[in-house]
Structure formats: C-alpha cells, structure tokens
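A look at the structure
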Amino acid sequence: MTRFSGRTAIVTGSGSGIGRGIAQKLGAEGAKVVVADLSPEPNTGGTPTHQKIQEDGGDAIFLETDVTDEESIQDTVY
C-alpha cells in the first residue's frame, strides 16, 4: 500500500513545472489524480502529464480547467 492509496488529488496547473511534478509524485504514491490544467494540447499541458502517470501505473484523468472561471472550477470538482 502506498501513502495516498484510496485518496483523490486535484492538482491545478499540473500541465507543467511544479504542478506536473506534484501530480506525478501523488500518482506514484497511489493517489487518483485529477490533472487540472487550462491546456488540453496533446504535446503540452495536462494531457502528457496524465498519460505519464498512467504509463507509470498510476490512475489519472485530465480535465480542462480554468481556475479564473468559477463554473470551470465547479465542473472540475463536481
């Protein structure tokens, strides 16, 4: 059993940088990761992050999310 097994993590800005690193670490530690990023581009943004987590044996989905838009945030959380 890993540290975050059975938990779900929503990581905003997880398409690059620190957010990507956090999302990948949480996935490696057993969390179900919601990769929430503004960019759905196949070679950048959230898509490669969620694919990498899955390739490494983790559980992740990508949701296009704009954290400056309340409706977008609600759609991601609910």
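If you're wondering where the values come from, they're calculated on a predicted model, not measured in any experiment. (Residues numbered from 1 in each chain as written. Predicted model: local features only at pLDDT ≥ 70, side-chain atom pairs only at ≥ 80, totals over all residues. Heavy atoms only, no water.)

**A closer look at the sheet that holds strand 2 (residues 32-37)**
Backbone-to-backbone hydrogen bonds join strands into a sheet, with any given pair of strands oriented parallel or antiparallel. Here is the rule: Between any two strands, pairing holds if DSSP finds at least two bridges. Note on conventions: DSSP H or I runs of at least 4 residues are helices, E runs of at least 2 residues are strands, and numbering of each starts at the N terminus. A fitted line through C-alpha atoms represents every axis, and for helices the fit uses only the stretch in contact; the resulting angles, taken between N-to-C directions, go from 0 to 180 degrees. Any two residues whose heavy atoms approach within 4.5 Å at even a single point are treated as in contact.
Taken together, 3 strands build an open sheet; the order of strands is 1-2-3 and the sheet is parallel. Lying at the two open borders of the sheet, with one neighbouring strand each, are strand 1 (8-12) and strand 3 (59-64). Neighbour to neighbour, the strand axes of the sheet diverge by 20° on average, direction disregarded. With 5 bridges joining them, strand 1 and strand 2 adopt parallel strand pairing. Bridge pairing in strand 2 places Val11 opposite Val35. Packed onto the sheet, helix 1 (residues 17-28) meets strand 1 and strand 2 and runs at close to 170° relative to strand 1. Packed on one face of the sheet, helix 2 (residues 46-55) meets strand 2 and strand 3 and runs near 170° to strand 3.

**Considerations on the environment of Asp56**
Which entries qualify depends on this criterion: Relative accessibility decides the category of a residue: with a 1.4 Å probe and only protein chains considered, values under 20% of the type maximum give buried, values over 50% give exposed, and everything between is partly exposed.
Along the chain, Asp56 turns up in the loop between helix 2 and strand 3. Judged by its relative accessible area of 55%, Asp56 is exposed. Between the C-alpha atom of Asp56 and that of Ala28, which follows or precedes it by 28 residues, the distance is 7.4 Å.

**Describing helix 2**
The following threshold applies: Arc definition: directions from the helix axis to the C-beta atoms.
Considered for burial, the residues of helix 2 that qualify are Gly46, Thr47, Thr49, His50 and Ile53. All buried residues of helix 2 lie within an arc of 165° about the axis, which places them on one face of the element. The inward-facing, buried residues of helix 2 abut helix 1, strand 2 and strand 3. Just beyond helix 2, the residue with positive phi is Gly57, at close to 95°.

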